[in-house]
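Structural overview for review
The lines below spell out each chain.
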Amino acid sequence: MTVKEKSLFICQNCGFHSAKWLGRCPSCGEWNSFIEEILEKENRPFEPSFPVQEPVLYQEIKETRKPRLHLPMEEVNKVLGGGLVVGSLVLIGGEPGIGKSTLLLQISRDLALKGERILYVSGEESLEQIKIRGDRLAIKEGELYLLAETNLERILQLAERLKPRVLVIDSVQTIYSGKLTSSPGTISQVREVANEVFRLAKKNQIASFLVGHITKEGNLAGPKSLEHMVDVVLLFEGERDHAHRVLRALKNRFGSVAELAVFEMTSMGLKAIPNPSEFFLKERPIGEPGSVVVATIKGSRPMLAEIQALVSPTLFSGNPRRMAVGLDHYRSAMILAILEKRLGRSFAGDDIYVNVAGGLNIDEPAADLGIALAVISCLKNKAMPPKAVVFGEIGLSGEIRSVAQPLSRIKEAQSLGFETIILPRGNVSSLESEEISNIRLLGVSNLREAINIIF
Ligand code: TYD
Ligand code: MG
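Some remarks on the site of ligand 1
Around ligand 1 sit 15 residues, and of these G97, S101, T102, R133 and G269 come closest. Residue G99 places a main-chain N or O atom 2.9 Å away from an oxygen atom belonging to ligand 1. In the model, an oxygen atom of ligand 1 is placed 2.7 Å from a nitrogen or oxygen of the K100 main chain. Notes on ligand 1: free accessible area 560 Å², of which the protein chains cover 76%.

Regarding the state of the cysteines
On inspection of all chains with the given rule, the structure shows zero disulfides. Left unpaired, C11 is separated from the closest cysteine sulfur, that of C14, by 3.8 Å. The partly exposed category is assigned to C14, whose relative accessible area is 30%.

A closer look at the domain arrangement of the protein
For the protein, the assigned domains read domain 1 (7-38), domain 2 (69-274) and domain 3 (279-454). Distance from the C-alpha centre of domain 2 to the C-alpha centre of domain 3: 38 Å. If you look at the interface, domain 2 gives twelve residues, while domain 3 gives eleven residues. A per-residue breakdown of the area domain 2 buries against domain 3 is headed by H244, A258 and L260, which together make up 46% of the total. Along the contact surface separating domain 2 from domain 3 lie one salt bridge. Between E75 and R301 there is a salt bridge; the shortest N-O distance is 3.8 Å. The interface formed by domain 2 and domain 3 contains three residue pairs in polar contact (both at pLDDT 80 or more). The dominant element in the side of domain 2 that touches domain 3, judged by the number of residues it contributes, is strand β13 (residues 260-266), at four residues.

Digging into the nonpolar core
Ranked by size, the top nonpolar core spans 45 residues in total, and within it L369 and V375 carry the most contacts. A per-element tally of this core places helix α9 (residues 368-380) first, with eight residues. Taken together, domain 2 (69-274) and domain 3 (279-454) each give at least three residues to this core, which thus spans both. In this structure L369 touches V390, F391, G392, I394, I400, I422, V444, L447 and A450, once residues within four positions along its chain are discounted.

What to know about the environment of L119
Tracing the backbone shows L119 in strand β7 (residues 118-122). A C-alpha to C-alpha distance of 36 Å links L119 and G358, two positions 239 residues apart in sequence. Not counting the four nearest positions on each side in its chain, L119 is found in contact with Y145, L147, A159, L162, P164, V166, L167 and V168.

Digging into the sheet that holds strand β23 (residues 440-444)
Pairing within the open sheet is mixed, and its seven strands lie in the order β17-β18-β16-β15-β19-β22-β23. Here the strands that pair on one side only, and so sit at the sheet edges, are β17 (322-325) and β23. Within the sheet, the average angular offset between the axes of one strand and its neighbour, ignoring direction, is 25°. With eight bridges connecting them, strand β15 (residues 291-298) and strand β16 (residues 301-313) associate as antiparallel partners. By the bridge assignment for β16, T296 is matched with M303.

Considerations on the sheet that holds strand β6 (residues 89-94)
Here we have nine strands laid out as an open sheet, ordered β8-β7-β9-β10-β6-β11-β12-β13-β14, and mixed in their pairing. Each end of this open sheet is capped by a strand with a single partner; those strands are β8 (144-148) and β14 (269-272). Within the sheet, the average angular offset between the axes of one strand and its neighbour, ignoring direction, is 25°. Bridge count for β6 against strand β11 (residues 232-237) is five bridges, and the pairing is parallel. Bridging from a neighbouring strand, L91 pairs with V233 of β11. Where helix α2 (residues 100-113) meets the sheet, its contacts fall on β6, β7, β8, β9 (166-170), β10 (207-213), β11, β12 (244-252), β13 and β14, and the angle it forms with β7 comes to roughly 160°.

Calculation criteria
- Residues numbered from 1 in each chain as written.
- Chains lettered and ligands numbered in written order.
- Predicted model: local features only at pLDDT ≥ 70, side-chain atom pairs only at ≥ 80, totals over all residues.
- Heavy atoms only, no water.
- Near = heavy atom within 4 Å.
- Polar contact = N/O pair within 3.5 Å; in protein donor to acceptor, adjacent residues only side chain to side chain.
- Areas by Shrake-Rupley, 256 points an atom, 1.4 Å probe, with all protein chains shown as cover.
- Disulfide = S-S within 2.5 Å.
- Buried < 20%, exposed > 50% of the residue type's maximum accessible area, 1.4 Å probe, protein only.
- Domains from an automatic or database assignment.
- Contact = heavy atoms within 4.5 Å.
- Buried area = accessible area lost by both parts, 1.4 Å probe.
- Salt bridge = Lys/Arg side-chain N within 4 Å of Asp/Glu carboxyl O.
- Helix = DSSP H or I, 4+ residues; strand = E, 2+ residues; numbered from the N terminus.
- Core = buried A, V, L, I, M, F, W, Y, C linked by side-chain atoms within 4.5 Å.
- Pairing = 2+ DSSP bridges.
- Axes fitted to C-alpha atoms, helices over the stretch in contact; angles between N-to-C directions.

Here you go:
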């Protein structure tokens, strides 16, 4: 007698379960996201991922350092918290085409060259296609095995036999388990794959990477729903029209999530950029109005970036245009409103564009002062002093508020040869005990003061 099949409707956006089909997910609000999934053909007994163990007294637990594989790309080691932990499961998410396969093939190449055995499984590309990419990355020697396969059970079997040190599965959405009837990429398939790979990784001490495609809007079909199942979640981001890519950890059971690495996509693969600030300021138009250098924090890392503004009269008496690229739209609109109020000048007849150069994204209020000064610099047609950096949050009454980590922002500006910093007065007083030399700190407490000091 067969056990009754269990079927559920699952939201492919957030994983919400329902016994019947729903047009709109009550959990995440997504429309038309429910797909019927046959969960299990038979009742599988409960199988824990680890062997069953007895409880242990806290003081009897010996602390052992997890062994780690050291990758030649130092930047990646940092993001992983000091190397790739043996037997860990790492999920790496990013938009299609951003360079996930390239990054993992490079890591595989480097580890194979160090004498490790690697198994790279692709469910997306043929071996020939991978080889074309590999040629650009100059893969030559080492035990790098490739496998084009989408069946989970076969992959597990081969991995058990080959016993590689590192396993790459590219991508989790293309692999399916024969135990489930739903199609690859559905939530239950993606979870099954992650679960089984997790078990394989722990049992055989294979460090494993799962690639997950995510879309710009959100986290389509799955990767988000895997975050709690894996040890490390990495995000690989960037704009497709720009060469730089940012790798950062969203979750790390073996290290901090504050590290971040910046890469440049070249014709020979990804190249780490050891000094991102320099990279993002490379083409800055020195002495031009409308350009301001801000000291921002990405992850835990200070970074200098250029904010540009352009103010031009609105033509044909239409609605004035407001554009913010690389910055929060609402925040920029708010800063314009504060400027209008505090300067007593209306922007009703102006199109205003603000942009972060180089395709970088800034999402912290410390960039407020930079946005405001870029707009004013353009309006007044006066350039900022060439060796000045600014940071500070702007409040609704035009006050400049302190921000976190002022010292690391200052140090970054100093190391790149900047001479003046315009920053919140509150931050200056908090830094009194610090040893800061060779750089002038100009503390300001409101917008007007900042404008008077500079222009
Ligand atoms: P890919 O790693 O295939 O992206 P993903 O796996 O995230 O979908 O890389 C996609 C882009 O990278 C592709 O447009 C080609 C480009 N690329 C380079 O510019 N240089 C290179 O050396 C390689 C291998 C790829
Ligand atoms: Mg790929």
